[in-house]
2 protein chains.
Amino acid sequence: MKRKTLDLSLYLVLDPDLCGGPEGMVRTARLAAASGATVVQLRAPGWKKRQWLETAIALKAALRPFGVPLIVNDHVDVALAMDADGVHVGQEDLPPAEARRLIGPDKILGLSVSSAAHLAGVPDGVDYLGVGPVYPTGTKPDAAPVLGVAALAGRVASARLPVVAIGGIRGDNCAALFAAGARGVAVVSAICGQPDPAAATLALRGTIDEFLPSC
Amino acid sequence: MKRKTLDLSLYLVLDPDLCGGPEGMVRTARLAAASGATVVQLRAPGWKKRQWLETAIALKAALRPFGVPLIVNDHVDVALAMDADGVHVGQEDLPPAEARRLIGPDKILGLSVSSAAHLAGVPDGVDYLGVGPVYPTGTKPDAAPVLGVAALAGRVASARLPVVAIGGIRGDNCAALFAAGARGVAVVSAICGQPDPAAATLALRGTIDEFLPSC
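Quantities reported herein were computed from a predicted structural model and do not represent experimental measurements. (Residues numbered from 1 in each chain as written. Chains lettered and ligands numbered in written order. Predicted model: local features only at pLDDT ≥ 70, side-chain atom pairs only at ≥ 80, totals over all residues. Heavy atoms only, no water.)

Novice: Any chance you could break down the overall build of chain A for me, citing the residues and the numbers?
Specialist: Looking only at helices and strands, chain A features 9 helices and 8 strands. What you see for chain A is a C-alpha radius of gyration of 16 Å, in line with the 17 Å of a compact globule of 215 residues. Counting every position in chain A, which comprises 215 residues, the buried fraction comes to 55%. With an accessible surface of roughly 8,900 Å², chain A has 54% of that area assigned to carbon and sulfur atoms. Of the side-chain charges in chain A, 20 are positive and 20 negative, and the distance between the mean point of each set is 4 Å. (Helix = DSSP H or I, 4+ residues; strand = E, 2+ residues; numbered from the N terminus. Rg over C-alpha atoms; globule rule 2.2 N^0.38 Å. Buried < 20%, exposed > 50% of the residue type's maximum accessible area, 1.4 Å probe, protein only. Areas by Shrake-Rupley, 256 points an atom, 1.4 Å probe, with all protein chains shown as cover. Lys, Arg positive; Asp, Glu negative; His and termini not counted. Charge placed at Lys NZ, Arg CZ, Asp CG, Glu CD.)

Structure representation (structure tokens):
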């Protein structure tokens, strides 16, 4: 999966706690990929890198049959070591221009932005923006202040890149995000830790297909 | 500074808390390098990578006049981004063979080992081993059990690489480590946070020069 053909519509960010550890993350990723998730991101802030690497390798193998790209959060070295499809960095991680230089021209590069100042500082080489939190969320303790849908629409209007909305997104509140111009929604707890992650993904997929503009 | 000419005799590991943050780390590193430290390692487990990168760049500039190499702990991506002299990995970090592949053949690569099993698993491409903790230490909460000097001597005898002893090392307890075969001592609190880091380094340097075998 290369950056040119990236489908951001249903972007799953794995959470180690909600998924019950590495094996649960791989199981959740496989079920989600089989049920309509289009991108999977490995994010595990508390882990040491040996664990990151082993889990990323397992996820890559699990996702390959579905053609779903694996994005590694923050750790460009882990992504390089296991040849991930891309990396996602935040404002306090390696600068996106450095990340792009390290991963080369063909990999996917995502950047989290929240404020208008963040948006103004996006360099060339970024493929998509993660914008949020659009709704209150419990899964990222250090998240920025809640943006809301109107601010999301403003960010989308200012951005020259596709935007994935993130933060507190569920099936029943995602329609407004597509109306605001988001090209996709990133979810954590709407899939991770759900009693039936496949059913949860299928339900989200149905809602997204209903509201995502086809243009 | 390349791996072939590496002088491990007085290896300073910077601690953000003891040094009083990034500026204190740069100041401490400069004073230590001017006073006989031969290697400086940046280690800051709680930091985000933007902070790692900025501090590593500042350290590299501060150390350059002294010809003292800067080693980046754990984060190979940070080391790649700012062209560090080398990286140091532990048993739970990226595997040393992966780290070597990412940094190329010319950079310095160190590996922490504690148990005999660790020592048996050292791959080609590692330049030196950090062995410890040889004495009780308060600056690494997740350190392995204390080895003691006899076990250090055993590790040195089994190792085919130069060994730097680490853990609770001060001027008054380092002679035994050289007698046990260590090629250098790594210190944290013996320099970081000392009222006069330059004087502390000079004193250590004098002791090391007295006891380090010249062969």
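From this point, the narrative continues.
Novice: I'd love a proper account of the pattern of salt bridges, names of residues and values included.
Specialist: For the structure on display, the rule yields 18 salt bridges over all chains. A salt bridge links K60(A) to D83(A); the nearest nitrogen and oxygen atoms lie 3.8 Å apart. Here D83(A) lies in the loop between α4 (76–82) and β4 (86–89) and K60(A) lies in helix α3 (residues 49–63), a separation of 23 residues in the sequence. Look at D83(A) and you get partly exposed, because its relative accessible area is 41%. In this structure, K48(B) and D93(A) form a salt bridge, with 3.4 Å as the shortest nitrogen-oxygen distance. (Salt bridge = Lys/Arg side-chain N within 4 Å of Asp/Glu carboxyl O.)

Novice: Break down helix α7 (residues 148–158) of chain A for me, citing the residues and quoting the values.
Specialist: An α-helical turn contains 3.6 residues, so a residue and the one three or four places further along point in the same direction. Residue and element names in this part refer to chain A. Within α7 the residues assigned to the buried category are G148, L152, R155 and V156. Taken down its axis, α7 places every buried residue within 115° of arc, on the same side. Away from its buried face, by an angle of more than 90 degrees, α7 presents the exposed residues A150, A157 and S158. Check the buried side of α7 and you find it contacts α6 (116–120), β6 (128–131), β7 (163–166) and α8 (175–179). (Arc of directions from axis to C-beta. Contact = heavy atoms within 4.5 Å.)

Novice: Outline the relation of the copies chain A and chain B, supporting the account with residue identities and numerical values.
Specialist: Rotating chain A by 180° about the axis while translating it 0.0 Å along that axis superimposes it on chain B, leaving an RMSD of 0.0 Å. On the angle and the small slide along the axis, the relation comes out as a two-fold axis. For chain A, the smallest separation between a C-alpha atom and the rotation axis is recorded for D77(A), amounting to 2.4 Å. Take the interface residues of chain A: 100% of them recur as interface residues in chain B, which is what a same-surface contact looks like. (Least-squares fit on C-alpha atoms with pLDDT ≥ 70 in both.)

Novice: Help me get a handle on unusual backbone geometry, residues and values and all.
Specialist: For the bond running from G132(A) to P133(A), omega is 0°, close enough to zero to count as cis. In this structure, D83(A) is a non-glycine residue whose phi angle is positive, near 55°.

Novice: Give me the lowdown on the confidence of the model for chain A, citing residues and values where you can.
Specialist: Summary statistics for chain A give a mean pLDDT of 95 and a share of 98% for residues scoring 70 or more. For this predicted complex, the interface score ipTM comes out at 0.95, alongside a pTM of 0.96. (pLDDT = per-residue confidence, 0-100.)

Novice: Pulling in residues and values, what's your account of the sheet that holds strand β6 (residues 128–131) of chain B?
Specialist: Residue and element names in this part refer to chain B. The sheet built from 8 strands closes into a barrel, its strands ordered β1-β2-β3-β4-β5-β6-β7-β8 with parallel pairing. Here the strands of the sheet are splayed against their neighbours by 25° on average, with no regard to which way each runs. In this sheet, strand β2 (residues 39–42) lies alongside strand β1 (residues 10–14) in parallel orientation, the contact comprising 4 bridges. Paired with L14 across the strands is L42, a residue of β2. (Pairing = 2+ DSSP bridges. Axes fitted to C-alpha atoms, helices over the stretch in contact; angles between N-to-C directions.)

Novice: Any details on the sheet that holds β7(A)? Residues and values, ideally.
Specialist: Each strand in a sheet pairs with another by means of backbone hydrogen bonds, the pair being arranged parallel or else antiparallel. Residue and element names in this part refer to chain A. Strand order in the closed barrel made by the 8 strands is β1-β2-β3-β4-β5-β6-β7-β8, with parallel pairing throughout. Pairwise comparison of adjacent strand axes, ignoring direction, gives a mean angle of 25° for this sheet. Here strand β5 (residues 108–113) runs beside β6; their pairing, made up of 4 bridges, is parallel. Considered in β6, the bridge of G110 is made with Y128. Where helix α5 (residues 96–103) meets the sheet, it contacts β4 and β5, and its direction lies at approximately 165° from that of β5.

Novice: Please provide a residue-by-residue account of the interface of chain A and chain B, values included.
Specialist: Contacts between chain A and chain B engage 21 residues on the former and 21 residues on the latter. For the pair chain A and chain B, the summed buried surface comes to about 1,900 Å²; carbon and sulfur atoms form 56% of the total. The tally of links between chain A and chain B comes to 4 salt bridges. A salt bridge links D74(A) to K49(B), with the nearest nitrogen and oxygen atoms 3.8 Å apart. Residue contributions to the side of chain A that touches chain B peak at 5 residues, all from α4(A). Looking at the side of chain A that touches chain B residue by residue, the classes come out as 9 nonpolar, 3 polar and 9 charged. (Buried area = accessible area lost by both parts, 1.4 Å probe. Nonpolar A, V, L, I, M, F, W, Y, C, P; charged D, E, K, R; others polar.)

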